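# A closer look at the structure
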Amino acid sequence: MAVMITSRANERVKRVRKLMADKRFRQQEGVFVVEGTRWISELARAGIQPTEIYCTPEWLTAADQAATLEPLGVSPVLVDAGVLNTMSDTDTAPGVLAVVAMRPLPLPEAACLLLILDGVANPGNLGAILRAAAAAGVGGVLLSPGSVEPYNPKVVRASMGRCCDCRCIF
């Protein structure tokens, strides 16, 4: 039987909390956190393998979520629901979160539609723009200095997994 994390003092829990809260730490570690079943499905669809997955036993057994995780090739770490709520950036944790490597993306080589954003400070706005850009087939998104970081948890949540479809370059 798998060991379950039940303490908020666990080093892995502290690390995820710090990744959620600290931009510099995310950049230093080269990873960011995604939350929710939709994000997990988008990672699998895009062929992106997270470095870590944390979930509650309830999430794992609901609607056979183990099958959702199978293409990712990463065994989940079971976490008590209260502890996962502590790790989450939302008021009510969605039951699963993953740590994903930042992928440095170059400008596309072929001519394509690029979106250049200047001074987008609101994380929700950037997330919505990324969703629209993905839907429009944008090949890359360029962010000016002073724009909100694309790995900010609120941007990641607002993009609803759609930023797997376009490149953020800043």
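In short, a report on the structure. None of the values given here were measured: they were computed from a predicted structure. (Residues numbered from 1 in each chain as written. Predicted model: local features only at pLDDT ≥ 70, side-chain atom pairs only at ≥ 80, totals over all residues. Heavy atoms only, no water.)

In this model helix 7 (residues 123-135) runs 19 Å from its N-terminal to its C-terminal C-alpha over 13 residues, within 8% of the 18 Å that 1.5 Å per residue would give. Two residues or fewer after helix 7 comes Gly-137, characterised by a positive phi angle close to 80°. (Helix = DSSP H or I, 4+ residues; strand = E, 2+ residues; numbered from the N terminus. Expected span 1.5 Å × (residues − 1).)

Right, let's get into the sheet that holds strand 1 (residues 4-5). Across the sheet, which stays open at both edges, the five strands sit in the order 1-4-3-5-2 with mixed pairing between neighbours. Both outer strands of the open sheet, strand 1 and strand 2 (31-35), are each paired with one neighbouring strand and no more. Here five bridges tie strand 2 to strand 5 (residues 96-101), and the two strands are oriented antiparallel to one another. Opposite Glu-35, over in strand 5, you have Leu-97 as the bridge partner. With respect to the sheet, helix 1 (residues 11-21) is in contact with strand 1, strand 2, strand 3 (52-55), strand 4 (77-79) and strand 5, its orientation differing from that of strand 2 by roughly 95°. (Pairing = 2+ DSSP bridges. Contact = heavy atoms within 4.5 Å. Axes fitted to C-alpha atoms, helices over the stretch in contact; angles between N-to-C directions.)

Along strand 3, one buried face is formed by Glu-52 and Tyr-54 and the opposite face, lined by Ile-53 and Cys-55, is buried too. Pairing of strand 3 with strand 5 involves four bridges; the strand directions are antiparallel. Residue pairing across strands places Cys-55 opposite Val-96, the latter belonging to strand 5. (Buried < 20%, exposed > 50% of the residue type's maximum accessible area, 1.4 Å probe, protein only.)

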